[in-house]
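# Survey of secondary and tertiary structure
So the chains spell out like this:
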Amino acid sequence: MIKTSLQAPYGRRNCNFLLISHLWEKQSAKWMRLKILFVLVFLSMSVSNVAVGQEVKVTGKVIDAKGEALAGVNVLVKGTTKGTSTDVEGGYAISLTSGTETLVFSFIGYTSTEVAASGKSVINVTLKEDATQLSEVVVTALGIERSAKTLTYATQQISGKQVADVRDANFVNTLSGKVAGLVVNQGSSGPGSATRVTLRGNRSIVGSNNALFVVDGVPIDNTIRSTVGSDFGGVNRSDGAANINPDDIETMNVLKGPAASALYGSRASNGVIMITTKKGKAGKISTDINSGIVVETPFLMPSLQNTYVQGAGGKASENAPGSWGAKGTTYPDNIRNFYRNGVSTNNSIGVSGGSENVQTYLSYTHNKSQGILPNNDLQRHTLNLRIGANLTKRLSVDGKITYINQDIKNKPFSGENSGVMMNLLKTPRSVNLDDYKNYATETGAPRYWTSSGIYMNPYWTMNKTFGSEKRDRSIILGSAKYELTKWLNVQGRISYDTYVDDYERGYSNGTLLYAAAGGNYENFSGKTLERNLDLIFSGNHTIGKKFGLTYNFGAGQTYNKYSEVGGLATGLSVVDKFDLSFATNLTKVSTFSQKELQYVFGTASFSYNDYLTFDASVRNDWSSTLPSPYSYIYSSFGANFILSDAVKLPSWISFAKVRGSWAQVGNDTSPYQLEPFYVYTNGGTGGYISRNTSLPNANLKPEISSATEFGLDFRAFGGRVGLDFTYYNSNTVNQILPLALASPSGFSQQII
């Protein structure tokens, strides 16, 4: 990583004086006029100097115990919201009103330090490491910040550097092995294919078990519109989380259980992955440049015999599909040589800077990723702008806009169908695939070493079928926070996540299974919109010298809409003319759904001497996908006890805490499960009306997941040895399932 710092220009005040001196010498005829002008300018500068003189500018540098500079240290004027952060060299600059204030220096992993300014103009600080690493502030549900050691449930934090160290077209794949209890199942359709992320196993039999991704306190859409549902195979489309740019991630906090994520409601029943992105920092303009390259090659190949040639029953045959003929010459690497080395590059630049009142962060990232199969490629552009401002001492605002443009070419089919992979694995051991790179005969028919009604020459599949996915996505977030009193503030947020996916796939004439006469072609566009609104009141009270109370309550709304339109051409009137207007049999595609969720919530945390904490939360949801009155309520309770703070333990024990919690999380269902609906289809005289084939259920109940959790956090020998143990038990009731029905019923399945 290359980092540079640019000093913003200062000292413009002298320019006016030099200009006036120059005019004085050159234009003596206008003596009186210039004299008056000089006096006015001098007076204005004097007034300006007096105004500036009321503030005291303090600068300095923050280092660790080894003398190394610490970047990103928070420098705050105690008792106010005024502050700044250190730059890449550990330097900072801040203006004080009187010069007698106290500065608070804090950084994750280090003990906070308070220093009285006392009229000093330079204050250098050395921060000491916090051996337990548990005094840090972490971001929890709804973006609420809490001290890590007071949490009553299990979480795990990951730095942005850990995420960005290893690169992948879908950054979610890089989480594998980094978080206890998190399982990542990568897609098999090359770069950009959907990834499944589960925390603590599956909870729903047929529903989604994916964890919820939350960026800067607001959920993002992570719907996978199409996945492989059988061993016959298909293509996995892209998910939403793949568009998160790892270069923009500051920290990530994984909320594993329902107690941690209950405030996010239905979608959080499978856990939450909280992502906090980078912000602008006051002070010098800093630039981060990150470039990397990754080369991928097949690691494990199928174990294949290389003794017998094409044939069957010990007899060689040049037309046989298998490799159980006589002993002979084989090509051990005929499959491996079909692959290529996939080269992936990423280039990112981020610029951060601003004043104490306004900070800006701007970044651009370009990703280009090759699959190990030829002509399978991904290209993505990500542009991100974030601006934060302290409009007054009490009012602050934050705004962010992210634009993603993504293009994926030729995702390979997975499974047992006639895709590139299966056609390749069907290659007999004695076939030299180089002889079949000329995949078509003079008449344009496929060249193959045998006859089949399903499988083909993999070079034909690679060159005579194609597919592309293009995505344009915009994520807009705005928030405002106002300090009503010293102990109460209110925050409002709104976010829009909207994207358009354009899908296109074609099969040339002669392609087995998929192409009618002339070829097949499909083209459709899907539009997704998610809007989130919330209003949160947050309070903090100290009761006497030993008791503390923090609480949050508020309300919000989530709205989702999806529409899809396009068509499928079964057969083309002009051979390989991939255009719906040339379809010999056109099937139109049209889909629409929408869903709304409204909610209110409250949470409170009561502490005694900072070593005993009790938590409680409650949330009420109203979902448009459930029958009237649409409502369901769930809650959570938790407690922790920090033994190392409450009683005197042996000196070699650095930290010890026990915790426990119980929680419930509700979950609704997909739209249009309560009543029958009808679909219009073109054809005949005026078209056709058909009913959906699922028997609806007007009495659906929400799924409820209940979980009990107990844990122990233990650190010894100055934090050199640690143990984080968690026992949990979860159970989900009222699961919503489809159940097959006999054909005479008129339905294929019913919802129970």
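Residues numbered from 1 in each chain as written. Predicted model: local features only at pLDDT ≥ 70, side-chain atom pairs only at ≥ 80, totals over all residues. Heavy atoms only, no water.

Inspection of every chain in the model, using the stated rule, returns 24 aromatic pairs. Relative to phenylalanine 553, the ring of phenylalanine 537 lies with its centre 5.2 Å away and its plane at 10°, an arrangement referred to as stacked. One end of the pair, phenylalanine 537, is in strand β27 (residues 520-543); the other, phenylalanine 553, is in strand β28 (residues 547-570), with 16 residues separating them in the sequence. Classification of phenylalanine 537 by relative accessible area gives partly exposed; the value is 23%. Classification of phenylalanine 553 by relative accessible area gives partly exposed; the value is 38%. By the ring-pair criterion, three or more aromatic residues cluster together here, those being Phe547, Phe606, Tyr608, Tyr611 and Phe641. Just above the ring of phenylalanine 747 sits the side chain of arginine 691; from NZ or CZ to the centre is 4.0 Å. (Phe/Tyr/Trp six-rings, centres within 6.5 Å; stacked < 30°, edge-to-face > 60°. Helix = DSSP H or I, 4+ residues; strand = E, 2+ residues; numbered from the N terminus. Buried < 20%, exposed > 50% of the residue type's maximum accessible area, 1.4 Å probe, protein only. Lys NZ or Arg CZ within 6 Å of the ring centre and 35° of its normal.)

Before going further, it helps to spend a moment on the sheet that holds strand β14 (residues 212-215). Strand pairing in a sheet relies on backbone hydrogen bonds, with the paired strands running either antiparallel or parallel. The five strands lie next to each other as β11-β16-β17-β14-β15, forming an open sheet whose pairing is mixed. Because the sheet does not close on itself, it has two edges, and the strands there are β11 (155-159) and β15 (218-219). With six bridges joining them, strand β16 (residues 249-255) and strand β17 (residues 272-277) adopt antiparallel strand pairing. Looking at β17, one finds that valine 254 is bridged to isoleucine 273. (Pairing = 2+ DSSP bridges.)

Read from one edge to the other, the open sheet built from three strands follows the order β5-β2-β8, with strand pairing classed as mixed. Each edge of the open sheet carries a strand with a single partner, namely β5 (91-96) and β8 (125-126). With two bridges connecting them, strand β2 (residues 56-63) and β8 associate as parallel partners. Among the inter-strand pairings, valine 62 is bridged to a residue of β8, identified as valine 125.

Before going further, it helps to examine the pattern of salt bridges. All told, the structure shown has 22 salt bridges when counted by the stated rule. Among the ionic pairs, lysine 657 bridges to aspartate 713, the shortest N-O distance being 3.6 Å. In this pair, lysine 657 is assigned in strand β32 (residues 653-667) and aspartate 713 in strand β36 (residues 703-716), connecting sequence segments 56 residues apart. Looking at aspartate 713, the relative accessible area reads 8%, which means it is buried. Linked through salt bridges whose partners overlap, the residues forming this network are Arg200, Lys657, Arg659, Glu709, Asp713 and Asp724. (Salt bridge = Lys/Arg side-chain N within 4 Å of Asp/Glu carboxyl O.)

Another aspect to go through is the nonpolar core. Membership of the largest hydrophobic core comes to 21 residues, with the highest contact counts inside it found for Phe171, Leu182, Phe213, Ile244, Met252, Ile273 and Ile275. Where this core is concerned, the elements lending two or more residues are β12 (182-185), β13 (196-199), β14, β16 and β17. No other element matches the three residues that β16 contributes to this core. Core analysis: the second largest hydrophobic core is formed by 17 residues, Val62, Leu70, Val77 and Phe105 among them. (Core = buried A, V, L, I, M, F, W, Y, C linked by side-chain atoms within 4.5 Å.)

Turning next to the pairing of β36. Across the 14 residues that make up β36, a large majority, ten, are buried. Of the pairings in the sheet, the one linking β32 to β36 comprises 14 bridges and is antiparallel in character. For glutamine 664, the partnering residue across the bridge sits in β36 and is serine 706. In terms of strand pairing, β36 meets strand β37 (residues 721-733) through 13 bridges, oriented antiparallel. Among the inter-strand pairings, threonine 708 is bridged to a residue of β37, identified as asparagine 729. Here β36 folds back onto β37 in antiparallel fashion, the turn holding four residues, of which phenylalanine 717 has a positive phi close to 55°.

Along any regular strand the residues' side chains alternate between the sheet's two faces. Sheet topology places strand β29 (residues 586-608) next to strand β30 (residues 612-623); twelve bridges connect them, and they run antiparallel. Opposite tyrosine 608, over in β30, you have leucine 612 as the bridge partner. Counting the residues between successive antiparallel strands, the hairpin from β29 to β30 contains three residues, one of them, asparagine 609, with a positive phi of roughly 55°. Bridge count for β30 against strand β31 (residues 631-642) is eleven bridges, and the pairing is antiparallel. Across the sheet, valine 618 pairs through a bridge with serine 635, a residue of β31.

As a further point, take the environment of phenylalanine 582. When you line up the elements, phenylalanine 582 lands in the loop between β28 and β29. Under the relative-accessibility criterion, phenylalanine 582 is labelled partly exposed at 27%. The contacts of phenylalanine 582, once residues within four sequence positions are left out, are Gly571, Leu572, Ser573, Val574 and Lys577. (Contact = heavy atoms within 4.5 Å.)

Below, the discussion takes up the confidence of the model for the chain. Mean pLDDT over the chain: 83, with 90% of residues reaching 70 or higher. Of the regions scoring below 50 in pLDDT, residues 1-53 engages in 28 contacts with residues more than four places distant in sequence or in other chains. (pLDDT = per-residue confidence, 0-100.)

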